[in-house]
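# Analysis of the macromolecular model
Here is how the chains run, residue by residue.
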Amino acid sequence: MCNGEGEYLCRNSQCICQCDEEFPQCNCPVTDIQIMENTLAGMTESCATAYKDFENSDEFKSFLKRLPSTHFLPVSSVHQLWGDDWDLQARYRLLQSSMEAHKLKMQRTARKLFGLSIRCHHNPNHQMPRERSVMQWLNRVQSFLYCNENGFWGTFLESQRTCVCHTGANLCQRPIPCIIGGNNSCAMCSLANISLCGSCNKGFKLYRGRCEPQNVDSERSEQFISFETDLDFQDLELKYLLQKMDSRLYVHTTFISNEIRLDTFFDPRWRKRMSLTLKSNKNRMDYLHMVIGLSMKICQMRNSSIEPMFFVYINPFSGSHSEGWNMPFGEHGYPRWERVRLQNTQCYNWTLLLGNRWKTFFETVHIYLRSRAKLPTTLRNETAQGPVDLSDPAKRQIYIKISDVQVYGYSLRFNADLLRSAVQQVNQSYTQGTQFYSSSSVMLLLLDIRDRINRLAPPEAPGKPQLDLFSCMLKHRLKLNNSEVIRVNHALDMYNTEILKQSDHLTAKLC
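If you're wondering where the values come from, they're calculated on a predicted model, not measured in any experiment. (Residues numbered from 1 in each chain as written. Predicted model: local features only at pLDDT ≥ 70, side-chain atom pairs only at ≥ 80, totals over all residues. Heavy atoms only, no water.)

Across the sheet, which stays open at both edges, the 5 strands sit in the order 11-12-20-15-16 with antiparallel pairing between neighbours. Both edges of this open sheet fall to strand 11 (254-256) and strand 16 (325-326), since each of them pairs with a single strand only. When strand 11 meets strand 12 (residues 272-277), the two strands line up antiparallel, connected through 3 bridges. The residue of strand 12 that forms the bridge with F255 is L276. (Pairing = 2+ DSSP bridges. Helix = DSSP H or I, 4+ residues; strand = E, 2+ residues; numbered from the N terminus.)

Time to look at empty space enclosed by the protein. Applying the stated rule across the entire model yields 1 cavity of 30 Å³ or more. Taken as a whole, the largest cavity encloses approximately 30 Å³ of empty space. As for the largest cavity, its lining consists of Y51, Y92, L95, Q96, M99, E131, R132 and W137. No other element matches helix 4 (residues 86-116), which puts 4 residues into the lining of the largest cavity. (1 Å grid on protein atoms, 1.4 Å probe; cavity = no way out; pocket = protein on both sides within 12 Å on 5 of 7 lines; lining within 4 Å. Points joined across faces, edges and corners; volume = space filled by probe spheres on them.)

Here we come to the state of the cysteines. In total, this model carries 10 disulfides according to the counting rule given. Each sulfur of the disulfide joining C178 and C189 lies 1.8 Å from the other. The S-S bond linking C178 to C189 shows a torsion near -100°; that makes this disulfide left-handed. Taken together, the residues C178 in the loop between strand 5 (162-165) and strand 6 (186-189) and C189 in strand 6 connect sequence positions 11 residues apart. Put simply, C472 and C511 are joined by a disulfide, and their sulfur atoms are 2.0 Å apart. Classification of the bridge connecting C472 and C511 rests on its S-S torsion, roughly 100°, and on that basis the disulfide is right-handed. One end of the pair, C472, is in helix 12 (residues 469-476); the other, C511, is in the segment after strand 24 (507-508), and 39 residues separate them in sequence. Look at C472 and you get buried, because its relative accessible area is 0%. For C511, a relative accessible area of 13% corresponds to the buried category. (Disulfide = S-S within 2.5 Å. Buried < 20%, exposed > 50% of the residue type's maximum accessible area, 1.4 Å probe, protein only.)

For the structure shown, the criterion picks out 22 aromatic pairs. Taking the centre distance of 5.3 Å and the plane angle of 50° together, the rings of Y334 and W358 count as tilted. One end of the pair, Y334, is in the loop between strand 16 and strand 17 (338-341); the other, W358, is in helix 7 (residues 355-358), and 24 residues separate them in sequence. Like W358, Y334 is buried. An aromatic cluster is defined as three or more aromatic residues linked by ring pairs; in this entry it consists of Y51, F54, F60, F63, W82, Y92, W137, F144 and W153. A cation over a ring is seen here: R132 above Y51, with NZ or CZ 4.5 Å from the ring centre. The cationic tip of R132 hangs over the ring face of W137; the distance from NZ or CZ to the ring centre is 4.8 Å. (Phe/Tyr/Trp six-rings, centres within 6.5 Å; stacked < 30°, edge-to-face > 60°. Lys NZ or Arg CZ within 6 Å of the ring centre and 35° of its normal.)

We now examine the environment of Q96. Inspection of the secondary structure assignment puts Q96 in helix 4. The class for Q96 is partly exposed, based on a relative accessible area of 33%. Considered as a pair, Q96 and E131 are 35 residues apart in the sequence and their alpha carbons are 9.0 Å apart.

Next up on the list: the UniProt feature "domain: BRINP EGF" (unreviewed entry) in the protein chain. According to UniProt, the positions carrying the feature "domain: BRINP EGF" (unreviewed entry) are residues 1-29. Across residues 1-29, helical content stands at 0% and strand content at 41%; the span's end C-alpha atoms are separated by 13 Å. (UniProt positions renumbered as here; feature names shortened; annotations may be inferred.)

Glancing now at the side chain of H102. Checked against the element boundaries, H102 lands in helix 4. The residues contacting H102, other than those within four sequence positions of it, are S46 and C47. (Contact = heavy atoms within 4.5 Å.)

Unlike most non-glycine residues, N150 shows phi in positive territory, near 60°. Locating N150 in the fold gives a position in the loop between strand 3 (148-149) and strand 4 (152-157). Residue N150 is classed as exposed on the basis of its relative accessible area, which comes to 55%. Notably, R161 is not glycine yet its phi reads approximately 50°, a positive angle. Within the secondary structure layout, R161 lies in the loop between strand 4 and strand 5.

Here it is, written out as structure tokens:
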């Protein structure tokens, strides 16, 4: 039973070989394990072969040939064409069924392998091949289109519109076609250089292979940012609408917090953070957003020993947390939170009314909860990180619950392409050293926009400069780098002081 390498012993209905010192692996079926590992390696090669056969199939090759090469194909367009090709879909279903069969065989073999090696001194190490998702196939199609040149192969990165060549040198990349679409996208790619625009949409002109808005000098500031809005209410009207939670003032944001769950009691003795964000750079790129109020519903236990305190930070145009400012409640005339108790409950409506005077731009609202607590001695030194225990009368009085966190405000139409074109004109004239008063109308427009944006900054202590929100907008909504932001502001300052002979208002850097 042990091939002379040990003593066969049975205890409690389990029999094994007690190996001699010269044969420590007498219980390990090395030959059987080797056969299993070779089988798994062969199955892995079969999976790679199946993928290669799919790429070499007539259906896949025909699909690649039919793809348009006159303009750039984003992954969404490739996906639509992929789903519309019935022959390719039939061949892809065959691949999926084949891969599913391979997967089941490999799982059964792997279970047998680990069962055989249970009494061995080492565990088998085998990595199961990952099945390619549809998204991976779509990216592979893009790689075939744009990263398959000079006999070299690479992987296409759509976010950067470039190839990562497997050879290291950038030899695999083909010319990436231009993007066809509306607004400042190309209407058609150039026949001489497919990477550049050949023609533009209505209202845009061709300039060095790019499409730029026409007659930017004659545009008024309202066509860059629509500062005027239909929601032109007086503060008393706004207060009434906020109390009624009028849907016209709702701004639909995304609630984010790793420390608080809405409508769930929690221990507030340690700092808690929650955020309300818009993600305008992805979802609503044609709008800037104003906040005119906040509201929260907070419920506490009867005879609560907790006094909630909220601190609010505003990110005006996205960016990191350090690029936000703190609402100075009660300072320099700034409003405070107002609390109204709901009837027959231990809940309160907390409302912050900024109104027309203190309204401001926002992209993300960070709300911090720091509570003042009059706690029994036995509770003061606890970490407040454990589970909520509502059955303990001594602890129950400290718990609170937050729900219905809402931002009130409205959105302003924002023409980023038109404004970017005006800013680029100023930037180019500054870089080239040309006389900046040759485009005086653009300078006046940008000065007006800068003044109207910075006018909505929070109040500062007497003698302190106002926060520079305009630079934050240039950086985060127009995607200008720091040196470009500095050049634009310097050009505007020079025009303001040297041509208009006006005193320059100092601002404090925020972004």
